Amino acid sequence: MDADIAVDDALVHRLVRDQHPDLEGPLEPAAMGWDNAIYRLGARYAVRVPRRRVAAALVLNEQRWLAHLAPALPLPIPAPVRAGRPTPYYPWPWSITPWLPGTVVAETPVAPRASFAEQLAGFLTALHVPAPPDAPANPVRGVPLSTRPATRIPPHLRPLWNDLAAVPHWPGPPLWLHGDLHPANLLSTGGTLSAVLDFGDITAGDPATDLTAAWMVFDAPGRTRFRAALPNMDEDTWQRGRGWALTIASAVAADASGTPQMHEMAAHTLREVRLG
């Protein structure tokens, strides 16, 4: 997907030098995502700079809420330590966060991921608590599954989608959600989870949205362990999670601008969703 602004080394260096000179240090490109460019800043920090206008408001959500949530979570998250502001040469907010080491889970084999199924379930159990009324709204996450369009669902999976979209809606209060929990937003070290990344889609609503991880991250044995570690998991919520995995993976698979890694993640998810 084309960026609205080209983010390069010179721009990021200038932003840090002008606004946070006490943290100025060596910069190293770390990731160029759809929405944000990520740079490593010295040994301790990362710089997160939006490349697209739509991502700018999401950075503000992270700046507002992640420091509030982090103390209650069992894994590190990239809570901003500094907030960058717009300038005449760059129009949007940006952030400096801790540098969180580890290997991106999307780059690891699927079967061994079962070793951290209980860890991920524990993280979601801690995160999924009632959110305040002013939690960020998100029109495509946390909402009733039946409101998601079916246009990108593969034809052979439409009957399954129809069944999942008909599952009763979440009856409880809006809970805090990560909103985009897939293998490229998880880090691991030595077979354990080490961090959860990218809270740009943070919102409140149906916790089934985050259960996409059951099909996007794991295979069947890992998924069994993950579900068993979720306390009081009801069948309706689990099946809505399956529906969320189906609709999100279908959208990623249909996106011609996606990376090979994202397309492989989508293909894996669609295979797993069919298994149940």
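Residues numbered from 1 in each chain as written. Predicted model: local features only at pLDDT ≥ 70, side-chain atom pairs only at ≥ 80, totals over all residues. Heavy atoms only, no water.

Chemist: Can you tell me about the sheet that holds strand β8 (residues 186–189), naming the residues and giving the values?
Modeler: Read across the sheet, 3 strands follow the order β6-β8-β9 without closing on themselves; strand pairing throughout is antiparallel. Where the open sheet ends on each side, the last strands, each with one partner, are β6 (103–104) and β9 (192–196). (Pairing = 2+ DSSP bridges. Helix = DSSP H or I, 4+ residues; strand = E, 2+ residues; numbered from the N terminus.)

Chemist: Any details on helix α7 (residues 235–254)? Residues and values, ideally.
Modeler: Taking 1.5 Å per residue, 20 residues should reach 28 Å; α7 reaches 29 Å between its end C-alpha atoms and fits that length. The buried fraction of α7 is high, at 15 of 20 residues. The opening residue of α7, the one whose side-chain oxygen lies 3.2 Å from the backbone nitrogen of Asp236, is Asp234. (Expected span 1.5 Å × (residues − 1). Buried < 20%, exposed > 50% of the residue type's maximum accessible area, 1.4 Å probe, protein only. Polar contact = N/O pair within 3.5 Å; in protein donor to acceptor, adjacent residues only side chain to side chain.)

Chemist: For the pattern of salt bridges, give the residues involved together with the corresponding values.
Modeler: Considering all chains together, one arrives at 13 salt bridges under this definition. Residue Arg82 pairs with Asp22 through a salt bridge whose shortest N-O separation is 2.7 Å. In this pair, Arg82 sits in strand β4 (residues 82–84) while Asp22 sits in the loop between α1 (9–19) and β1 (27–32), placing the two residues 60 residues apart along the sequence. Accessibility expressed as a relative area gives 25% for Arg82, which makes it partly exposed. For Asp22, a relative accessible area of 54% corresponds to the exposed category. (Salt bridge = Lys/Arg side-chain N within 4 Å of Asp/Glu carboxyl O.)

Chemist: Go over the sheet that holds strand β2 (residues 36–41) with me, naming the residues and quoting the values.
Modeler: Taken in spatial order, the 5 strands line up as β1-β2-β3-β5-β4 in an open sheet, and their pairing is antiparallel. Two strands lie at the open edges of the sheet, namely β1 and β4, each paired on one side alone. Averaged over all adjacent pairs, the angle separating strand axes in this sheet is 25 degrees, with direction ignored. Where β4 lies against strand β5 (residues 94–98), 3 bridges are found, and the strand directions are antiparallel. Residue pairing across strands places Arg82 opposite Ile96, the latter belonging to β5. (Axes fitted to C-alpha atoms, helices over the stretch in contact; angles between N-to-C directions.)

Chemist: Kindly report on the packing of α7 against helix α8 (residues 260–275), identifying the contributing residues and their values.
Modeler: Angle between the axes and distance between the axes are the two parameters that describe a pair of packed helices. Closest axis-to-axis distance for the α7/α8 pair is 8 Å, and the angle between their directions is 145 degrees. Note on packing geometry: the crossing formed by α7 with α8 is left-handed. Contact residues: Arg242, Ala245, Leu246, Ala249, Ser250, Val252 and Ala253 in α7; Met262, His263, Ala266, Thr269, Leu270, Val273, Arg274 and Leu275 in α8. The class makeup of the residues in the contact of α7 with α8 is 10 nonpolar, 3 polar and 2 charged. (Left-handed = near helix turned anticlockwise from the far one by under 90°. Contact = heavy atoms within 4.5 Å. Nonpolar A, V, L, I, M, F, W, Y, C, P; charged D, E, K, R; others polar.)

Chemist: Give me the lowdown on α8, citing residues and values where you can.
Modeler: Given 3.6 residues per turn, any residue in an α-helix points the same way as the ones three and four places further on. With 16 residues, α8 should cover 22 Å at 1.5 Å per step; its first-to-last C-alpha distance of 23 Å lies within 8% of that length. Burial in α8 covers these residues: Met262, Met265, Ala266, His268, Thr269, Leu270, Glu272 and Val273. Contacts made by the buried residues of α8 are with α4 (158–165), α5 (213–216), α6 (220–228) and α7. Gly276 sits one or two positions beyond α8 and adopts a positive phi of about 110 degrees.

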